[in-house]
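Below, each chain spelled out in residue letters.
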Amino acid sequence: MELEPDLWEDDYHSFGGVWTRIKLEALDKYLSAFNRALSGQNFKRLYIDAFAGTGRCDITVDGEKTCIDGSARRALRAVPPFHAFYFIELKSKKLGALRALRDEYPGLDIEIVAGDANSAIQQLCRTYDWRNTRAVLFLDPYGMHVEWATLEAVARTGAIDVWYLFPYSGLYRQAAKAADAIDPSKAAAITKILGTDGWRQTFYAQPRQNDLFGMDTADERAVEHPEMLAYVSARLRTVFPAVTEPKILYQSGNTKNPAGAPLFALYFAASNPSPKAYGLATKIARDVLNGL
């Protein structure tokens, strides 16, 4: 598809590779399964996209550039459909693209929310009546931007299923090998997404010997990347009744033959405390993840 220059920036944005396609396929499959599972019940069904983007994205896979539908467009075409949609975005040009997308679906209840995703989600969680409502939330942040307080607010609703693309590489890059290499801003970023500074005690240990001058050397990271991700999983399970094992998404290759560095960890978490409800939700999510 050839794009006019003025449309490229407003309606498209480039941010991914093979991992982008994988996460969107997972979301796509879950949304229809979610709606089918609840179609016989009297719940209002919402889709919430926290970092909605534009509705389309340009990705490069194996050196070839292609354009694919983003999360917002995929949600709008889910069958059965959602009853309402919340697309949250901060950047003005992307908001313009989302408003144009809304115009393509005049029969659907679509609300475009301009502003910070954390604030918007927490406000939505506080003010919405969740007794007769169920929702799917897609958290696909630009870096380490999801606050732990947001996850806590979502879990408290007892009504929202969450797909969370956790910034795996962001975590291990911020958590340097030597503790004294972590500046205050990096430490604060890690604490914000994990909701505790307990990661310091888990990730770092005192060195067993002094340096050549008899002085204590800096704390060294005592865990590798998989142990760091296991800590993230354990933290998520302190607030959500059910959390799947994450699907690790790599820089290139595919899910069967990944290549390059691990970039993201795709989690599914259910906030409904009912074992029957979260059991069904996690079964569907695991089937989706195992089928990628």
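Residues numbered from 1 in each chain as written. Predicted model: local features only at pLDDT ≥ 70, side-chain atom pairs only at ≥ 80, totals over all residues. Heavy atoms only, no water.

Draft legend 1. Structural detail: the overall build of the protein. Counting its regular elements, the protein contains 11 helices and 13 strands. Taken across its 292 residues, the protein has 51% of its residues classed as buried. Across the protein, every contact between residues at least 6 apart in sequence was considered, and the portion connecting residues at least 24 apart equals 73%. (Helix = DSSP H or I, 4+ residues; strand = E, 2+ residues; numbered from the N terminus. Buried < 20%, exposed > 50% of the residue type's maximum accessible area, 1.4 Å probe, protein only. Contact = heavy atoms within 4.5 Å.)

Draft legend 2. Structural view of the packing of helix 2 (residues 18–38) against helix 11 (residues 275–290). The interhelical angle for the contact between helix 2 and helix 11, taken along N-to-C directions, is 150°, at an axis separation of 10 Å. As helix 2 runs across helix 11, the sense of the crossing is right-handed. Seen from helix 2, the contacting residues are Ala26, Lys29, Tyr30, Ala33 and Ala37; seen from helix 11, they are Leu280, Ala281, Ile284, Ala285 and Val288. Grouping the amino acids of the contact of helix 2 with helix 11 by side-chain chemistry returns nine nonpolar, no polar and one charged. (Axes fitted to C-alpha atoms, helices over the stretch in contact; angles between N-to-C directions. Left-handed = near helix turned anticlockwise from the far one by under 90°. Nonpolar A, V, L, I, M, F, W, Y, C, P; charged D, E, K, R; others polar.)

Draft legend 3. Region of the structure containing the environment of Arg56. Examined against the element boundaries, Arg56 turns out to sit in strand 3 (residues 56–61). Taking relative accessible area as the criterion, Arg56 reaches 19% and is therefore assigned buried. In the structure, Arg56 is positioned 14 residues away from Gly70 in sequence and 4.4 Å away in space, judged by C-alpha atoms.

Draft legend 4. How the structure looks around helix 11. An ideal rise of 1.5 Å per residue puts 22 Å on 16 residues; helix 11 measures up with 21 Å between its terminal C-alpha atoms. Among the residues of helix 11, those classed as buried are Ala281, Thr282, Ile284, Ala285, Val288 and Leu289. Projection of helix 11 onto a plane perpendicular to its axis shows the buried side chains occupying an angular sector of 160°, all on one side. With respect to the buried face of helix 11, the exposed residues turned more than 90 degrees away are Pro275, Lys276 and Asn290. Of the surrounding secondary structure, the elements contacted by the buried residues of helix 11 are helix 2, strand 8 (160–166), strand 11 (242–243), strand 12 (247–253) and strand 13 (258–270). (Expected span 1.5 Å × (residues − 1). Arc of directions from axis to C-beta.)

Draft legend 5. Region of interest: the side chain of Glu89. By secondary structure assignment, the location of Glu89 is in strand 5 (residues 84–89). No salt bridge is formed by the buried Glu89; its nearest oppositely charged neighbour, Lys94, is found at 4.8 Å. Here Lys91 takes part through its backbone nitrogen, which lies 3.2 Å from a polar atom of the side chain of Glu89. A distance of 3.4 Å separates the side chain of Glu89 from the side chain of Tyr142, its partner in a polar contact. When sequence neighbours within four positions are dropped, the list of residues in contact with Glu89 reads Phe51, Ala52, Gly53, Lys94, Leu95, Leu98, Val113, Ala114, Gly115 and Tyr142. (Lys, Arg positive; Asp, Glu negative; His and termini not counted. Salt bridge = Lys/Arg side-chain N within 4 Å of Asp/Glu carboxyl O. Polar contact = N/O pair within 3.5 Å; in protein donor to acceptor, adjacent residues only side chain to side chain.)

Draft legend 6. Geometry of unusual backbone geometry. Here Val79 and Pro80 are connected by a cis peptide whose omega angle stands at -5°. Its location among the elements puts Pro80 in the loop between helix 3 (71–76) and strand 5.

Draft legend 7. Main features of the packing of aromatic side chains. Enumeration according to the criterion identifies 18 aromatic pairs in this entry. Seen from their ring centres, Tyr128 and Trp130 are 5.1 Å apart, and the 40° between their planes marks the pair as tilted. Taking the relative accessible area as the measure of exposure, Tyr128 reaches 19% and is therefore buried. Seen from the ring of Trp148, Arg235 lies directly overhead, with NZ or CZ sitting 4.6 Å from the centre. (Phe/Tyr/Trp six-rings, centres within 6.5 Å; stacked < 30°, edge-to-face > 60°. Lys NZ or Arg CZ within 6 Å of the ring centre and 35° of its normal.)

Draft legend 8. Broad picture of the pattern of salt bridges. For the coordinates displayed, the defined rule picks out 11 salt bridges. Measuring nitrogen to oxygen at the nearest pair gives 2.6 Å for the salt bridge that ties Asp140 to Lys23. With Asp140 in the loop between strand 7 (133–139) and helix 6 (148–157) and Lys23 in helix 2, this residue pair connects regions lying 117 residues apart in the sequence. Each member of the pair, Asp140 as well as Lys23, is classed as buried. Put simply, Glu245 and Arg237 hold a salt bridge, and the shortest N to O gap is 2.9 Å. Looking at Arg237, the relative accessible area reads 36%, which means it is partly exposed. Among the charged side chains, a network of salt bridges with common partners joins Asp28, Arg56, Asp69, Arg74 and Arg77.

Draft legend 9. Highlighting the nonpolar core. Residues Leu139 and Phe166 are the most contacted members of the largest nonpolar core, which totals 54 residues. Setting aside residues no more than four positions away along its own chain, Phe166 makes contact with Leu171, Ile193, Leu194, Leu229, Val232, Leu263, Phe264, Ala265 and Tyr267. (Core = buried A, V, L, I, M, F, W, Y, C linked by side-chain atoms within 4.5 Å.)

Draft legend 10. Seen up close, the pairing of strand 5. When you tally the buried positions in strand 5, you get six out of six residues, the bulk of the element. Burial along strand 5 is two-sided: Ala84, Tyr86 and Ile88 facing one way and Phe85, Phe87 and Glu89 facing the other are all buried. When strand 2 (residues 44–49) meets strand 5, the two strands line up parallel, connected through four bridges. Within strand 5, the position partnered with Leu46 by the bridge is Ala84. The pairing of strand 5 with strand 6 (residues 110–114) spans five bridges and is parallel. (Pairing = 2+ DSSP bridges.)

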